[in-house]
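Working through the structure, step by step
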Amino acid sequence: MLSLNDVKPQPDHKDIGEAEPLDKARECVTRLFNVDSSWLQAARTIVADKQGETRAIASTSILKNSAYDKRGVVAVLVKLKDGSSYTAELRYPGKTLRCLIYTPASLTSKS
């Protein structure tokens, strides 16, 4: 009969309770969600067309945070040239808007 003392861990196996680093977990979620540039474009479209924002967009980027991963959303930061920004939370997989948060330029520059 085989006992627990006879079982040897495999080189690539982890002990119970040993967690993967958070960065590796985020990479897995990114691969799972198949995040590509279409997510950035979806956020830009929401801000410009649906929100009616007329100020120029300076940049867009994916926000990596475990809170977003847990909610099953991809968060995109849309920075405007005046320093203000929007955070668009898009549901996976349809890229539908869950939440849109506006941060004025004065608050952005303080952080």
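Please read all numbers here as calculations on a predicted model, not as lab measurements.

Considerations on the confidence of the model for the protein
Residues at a pLDDT of 70 or more form 65% of the protein, whose mean pLDDT is 80. When mean pLDDT is taken per element in the protein, strand 3 (residues 85-91) scores highest with 97 and helix 1 (residues 22-33) scores lowest with 57.

A word on the packing of aromatic side chains
Applying the stated criterion across every chain, the model contains two aromatic pairs. The interplanar angle of 10° and the centroid separation of 5.9 Å between the aromatic rings of Trp39 and Tyr92 together place this pair among those described as stacked. A residue pair is termed long-range when its members are at least 10 positions apart, and Trp39 in helix 2 (residues 37-50) and Tyr92 in the loop between strand 3 and strand 4 (96-103) qualify at 53 residues. Overall, Trp39 belongs to the buried group, its relative accessible area being 1%. Considering the side-chain rings of Tyr86 and Tyr102, the 5.0 Å spacing of their centres and the 55° angle between planes classify their relative orientation as tilted. On the criterion of sequence distance, the pair formed by Tyr86 in strand 3 and Tyr102 in strand 4 is long-range, its members being 16 residues apart. Here Tyr86 falls in the buried class, since its relative accessible area comes to 6%. When the ring centre of Trp39 is taken as origin, the NZ or CZ atom of Lys95, which lies over that ring, is 4.9 Å away.

A few points about the pattern of salt bridges
Close approach of charged atoms lets side chains of opposite charge pair. The tally for this structure, following the rule as stated, stands at four salt bridges. Across the pair Glu53 and Arg55 runs a salt bridge whose closest N-O atoms are separated by 2.6 Å. With a shortest N-O distance of 2.7 Å, Glu89 and Arg98 are connected by a salt bridge. The network of salt bridges with common partners includes Glu53, Arg55 and Asp82.

Details of the side chain of Thr87
Within the element layout of this structure, Thr87 appears in strand 3. Excluding anything up to four places from it in sequence, Thr87 contacts Leu63, Tyr68, Ala75, Val76, Leu77, Cys99, Leu100 and Ile101.

Remarks on the pairing of strand 3
Extensive coverage of strand 3 is indicated by the burial of six of its seven residues. The pairing of strand 2 (residues 73-80) with strand 3 spans seven bridges and is antiparallel. Bridge pairing in strand 3 links Lys79 to Ser85. Connecting the antiparallel pair strand 2 and strand 3 is a turn made up of four residues, with Gly83 showing a positive phi of about 100°. Direction of pairing for strand 3 relative to strand 4: antiparallel, over a ladder of seven bridges. By the bridge assignment, Leu90 is partnered in strand 4 with Leu97. Where strand 3 folds back on strand 4, the antiparallel hairpin that results is connected by four residues, among which Lys95 adopts a positive phi of roughly 60°.

Cut-offs used in this document
- Note on numbering: residues in each chain are counted from 1, in written sequence order.
- pLDDT decides what is reported in this predicted model: residues at 70 or higher carry local features, side-chain atom pairs at 80 or more are listed and counted, and totals for whole chains, interfaces and linings draw on all residues regardless.
- Hydrogens and waters are ignored; side-chain quantities use all the structure's heavy atoms.
- By definition, pLDDT measures how confident the predictor is in each residue, and it falls between 0 and 100.
- For the purposes of this entry, the term helix denotes a DSSP run of H or I that reaches at least four residues, the term strand denotes a run of E that reaches at least two, and both are numbered from the N terminus.
- Working definition: a ring pair exists when centres of Phe, Tyr or Trp rings (six-membered ring for Trp) sit within 6.5 Å. Plane angles under 30 degrees give stacked, over 60 give edge-to-face, the rest tilted.
- With a 1.4 Å probe rolled over the protein chains alone, any residue whose accessible area is under 20% of its type maximum counts as buried; one over 50% counts as exposed, and the rest are partly exposed.
- The rule is short: NZ of Lys or CZ of Arg within 6 Å of the ring centre and within 35 degrees of the ring normal puts a charge over the ring.
- Salt bridge, as applied in this entry: a Lys or Arg side-chain nitrogen positioned within 4 Å of an Asp or Glu carboxyl oxygen.
- Contacts are residue-level and defined by heavy atoms, with any inter-residue pair within 4.5 Å sufficient.
- Two strands are counted as paired when DSSP detects at least two bridges linking them.

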